[in-house]
Amino acid sequence: MTSALQDKVVVIAGATSSSGRTVARALVDAGARVVAVGHHQGRLDELEVDLPGVIGERADLTDGDDVLELAMRVHAKVGDVDGVVHLVGGWRGGGGIAGQTDEDYRVLERSFTALRYVSRVFWDDLVGSDAGRVAIVSSTTVEKPTAGGANYTAVKAASESWMRSLADGFSKSGSQGAAVTFRVKALDGLESRLADEVVALWAMDAAASDLNGRVTTLSA
Ligand SMILES: NC(=O)c1ccc[n+]([C@@H]2O[C@H](COP(=O)([O-])OP(=O)(O)OC[C@H]3O[C@@H](n4cnc5c(N)ncnc54)[C@H](OP(=O)(O)O)[C@@H]3O)[C@@H](O)[C@H]2O)c1
């Protein structure tokens, strides 16, 4: 049976972690053309060896010029993009409100910066696709923030807000695009579930109008 993902181009932003690799493998198995983006060339090289067919692309996703150049390379190699799975994250916390340092915040906000850059640079592709999808992994703490995780949760809340704006952009454009947020408490052990959920974004019966703006909590 032909998969709805057959020959769809999906960019995984931050693909070399365990979750990124699991998502990449599931997308390739479903027939997608996967571009795996990371900052560390060695980890990308390993990923390309382990997952034949995946195209590794090195870029600093927090650098606007790097992201523009990445988009040019992706367009030249595989054409327009149908999906962006954003997995650049990181965790810093602790020390209550007084311990929410600027240094930690600057590190954490890179994830949000990368989300803005990547979704903007591929926006026209996603709107033009017959099944454009953007997905992020947020945190259950957005519902119930803690003092020690204030910086982290604020960045996740900003990312979720950005996703709601993308959802509005998709619906105003009249496209078949959908912006979807997954929330987890911890990803450990949930990588395969996340990968299944990402693949399901392109299921034949997954209507963009049902998916767009959806927030789904994944738990064990
Ligand atoms: N882990 C959890 O328990 C948990 C809990 C809640 C939410 N989440 C969220 O789930 C998502 C995935 O989490 P994870 O733990 O699997 O991943 P992660 O460890 O946050 O993965 C980071 C990925 O992003 C890449 N990356 C980091 N900075 C980059 C940059 N400037 N440019 C390009 N690539 C960059 C890393 O690649 P290189 O280092 O190889 O360059 C790596 O592939 C994240 O959004 C995270 O916040 C995770």
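Above this text sits the structure in question.
Here's a quick rundown of the structure.

About the criteria used
Residues numbered from 1 in each chain as written. Predicted model: local features only at pLDDT ≥ 70, side-chain atom pairs only at ≥ 80, totals over all residues. Helix = DSSP H or I, 4+ residues; strand = E, 2+ residues; numbered from the N terminus. Buried ≥ 20, exposed ≤ 12 C-beta atoms within 10 Å, placed from the backbone. Contact = placed C-beta atoms within 7 Å. Pairing = 2+ DSSP bridges. Axes fitted to C-alpha atoms, helices over the stretch in contact; angles between N-to-C directions. Near = placed C-beta within 6 Å. Nonpolar A, V, L, I, M, F, W, Y, C, P; charged D, E, K, R; others polar. Parallel < 35°, antiparallel > 145°, perpendicular 65-115°, else oblique. Left-handed = near helix turned anticlockwise from the far one by under 90°. Arc of directions from axis to C-beta.

Focus on the environment of A135
Then, number 1: Position of A135 relative to the elements: it lies in strand 5 (residues 133–139).
Then, number 2: For A135, a count of 25 C-beta atoms within 10 Å corresponds to the buried category.
Then, number 3: Filtering out sequence-adjacent residues up to four positions away, A135 remains in contact with V85, H86, V180, F182, V198 and L201.

Side note on the sheet that holds strand 1 (residues 9–13)
Within a beta sheet, neighbouring strands are joined by backbone hydrogen bonds and run either parallel or antiparallel to one another.
Then, number 1: The strand order across the open sheet built from seven strands is 3-2-1-4-5-6-7, with neighbouring strands paired in parallel fashion. Two strands in the sheet have a free side with no partner beyond their single neighbour: strand 3 (55–58) and strand 7 (215–217). Neighbour-to-neighbour, the strand axes of this sheet turn through a mean angle of 20°, independent of strand direction.
Then, number 2: Sheet contacts for helix 1 (residues 18–29): strand 1, strand 2 (33–38) and strand 4 (83–86); angle to strand 2, the most-contacted strand, approximately 165°.

A look at unusual backbone geometry
Then, number 1: Backbone geometry places D7, a non-glycine residue, at a positive phi of 65°.
Then, number 2: For D7, the location among the structural elements is in the segment before strand 1.
Then, number 3: Overall, D7 belongs to the exposed group, with 12 C-beta atoms counted inside 10 Å.

Comments concerning the site of the ligand
Then, number 1: Within the structure, the ligand sits among 28 residues, and G14, S17, H39, G89 and V137 are positioned closest to it.
Then, number 2: Those elements that provide at least two residues to the shell around the ligand are helix 1, strand 2, helix 4 (102–121) and strand 5.
Then, number 3: Top contributing element to the shell around the ligand by residue count: helix 1, with three residues.
Then, number 4: Looking at the shell around the ligand residue by residue, the classes come out as 10 nonpolar, 14 polar and four charged.

Considerations on the packing of helix 1 against helix 7 (residues 191–200)
Then, number 1: Running from N to C, helix 1 and helix 7 cross one another at 40°; their axes reach a closest spacing of 8 Å. It follows from the interaxial angle that helix 1 and helix 7 lie oblique. In this structure, helix 1 meets helix 7 at a crossing whose hand is right-handed. Residues S18, S19, T22, V23, A26 and L27 of helix 1 lie in contact with helix 7, whose contacting residues are E191, S192, L194, A195, D196, V198 and V199.
Then, number 2: Grouping the constituent residues of the contact of helix 1 with helix 7 by class yields seven nonpolar, four polar and two charged.

Thoughts on the packing of helix 4 against helix 6 (residues 150–173)
Then, number 1: At a minimum axis distance of 9 Å, the contact between helix 4 and helix 6 shows a crossing angle of 10°. Judged on the interaxial angle alone, helix 6 and helix 4 are roughly parallel. Together, D104, Y105, L108, E109, S111, F112, L115, R116 and S119 of helix 4 and N151, Y152, V155, A158, S159, W162 and L166 of helix 6 make up the contact between the two elements.
Then, number 2: Looking at the contact of helix 4 with helix 6 residue by residue, the class counts come to nine nonpolar, four polar and three charged.

Things to note about helix 7
Then, number 1: Those residues of helix 7 that sit buried are L194, A195, V198 and V199. For helix 7, the arc enclosing every buried residue in end-on projection is 135°, short of the 170-degree limit, so these residues lie on one face.
Then, number 2: Lining the buried residues of helix 7 we find helix 1, strand 4, strand 5 and strand 6 (178–184).

Comments concerning the pairing of strand 2
Then, number 1: Most of strand 2 sits inside the fold, with six of its six residues counted as buried.
Then, number 2: Residues R33, V35 and V37 point to one face of strand 2 and V34, A36 and G38 to the other, with burial holding for every one of them.
Then, number 3: Sheet analysis places strand 1 next to strand 2, joined by five bridges and oriented parallel. Considered in strand 2, the bridge of V11 is made with V35.

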